[in-house]
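Secondary and tertiary structure notes
As a plain string of letters, each chain reads:
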Amino acid sequence: MPFIKVYIHFVWSTKNRFPFLNSLELREKMWKHIKENGKEKGIFIDFVNGYSDHCHCLVSLKSDQTIQKVIQMIKGESAFWFNNQNFILEKFGWQDEYFAVSVSESMIENVRNYIRNQETHHSIKSFDDEYNKMIDVYGFQKFNDNLN
């Protein structure tokens, strides 16, 4: 049995960043479902939380899991489940794109706290601001520019 500990911090938004999850009650139902479904599918979701228009997940990958497959299972199944619950009149969906970065062992607790405090965090900062900061901090723009 391999011993693997690879943590990934995932962030993704709702379709067109529409605030489908506009109440704490809806958000709590979604996060609880994502965590429970992850467990059923063998995905270790350490922490999940978010706000009205996006989700953060801290996931520990197993040796046979890829970032792409894990995010597809989480997003696809949760959108399907949410729509079947008829919580809202609109058709719920997640944006295709997502953000994923590795998290070192020494930073796990900081990332958990960051994810845990999304309600407070977004009372003063928009998701657009948060997203742009992540792109900057992790150098995605520079990385993408170097690929061209």
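Everything in this summary refers to the structure shown in the same document.

Calculation notes
- Residues numbered from 1 in each chain as written.
- Predicted model: local features only at pLDDT ≥ 70, side-chain atom pairs only at ≥ 80, totals over all residues.
- Heavy atoms only, no water.
- Helix = DSSP H or I, 4+ residues; strand = E, 2+ residues; numbered from the N terminus.
- Buried < 20%, exposed > 50% of the residue type's maximum accessible area, 1.4 Å probe, protein only.
- Pairing = 2+ DSSP bridges.
- Axes fitted to C-alpha atoms, helices over the stretch in contact; angles between N-to-C directions.
- Contact = heavy atoms within 4.5 Å.

To continue, consider unusual backbone geometry. If you check the backbone angles, Asn16 has positive phi at about 55° while not being a glycine. By secondary structure assignment, the location of Asn16 is in the loop between strand 1 (6–13) and helix 1 (24–40). Phi is positive for Arg17, close to 55°, though the residue is something other than glycine. With respect to the helices and strands, Arg17 occurs in the loop between strand 1 and helix 1. Classification of Arg17 by relative accessible area gives partly exposed; the value is 26%.

Either a parallel or an antiparallel arrangement is found when strands of a sheet pair, and the pairing is made through backbone hydrogen bonds. In space, the four strands of this open sheet follow the order 2-3-1-4, with antiparallel pairing throughout. Bordering the open sheet on either side are strand 2 (44–51) and strand 4 (99–103), each of which pairs with just one other strand. On average, each strand axis in the sheet is inclined to that of its neighbour by 15°, with strand direction left out of account. Bridging between strand 1 and strand 4 involves five bridges; their strand directions are antiparallel. If you follow Val11 over to strand 4, its bridge partner there is Phe99. Lying over the sheet, helix 5 (residues 127–137) contacts strand 1, strand 3 (54–61) and strand 4, oriented at roughly 40° with respect to strand 3.

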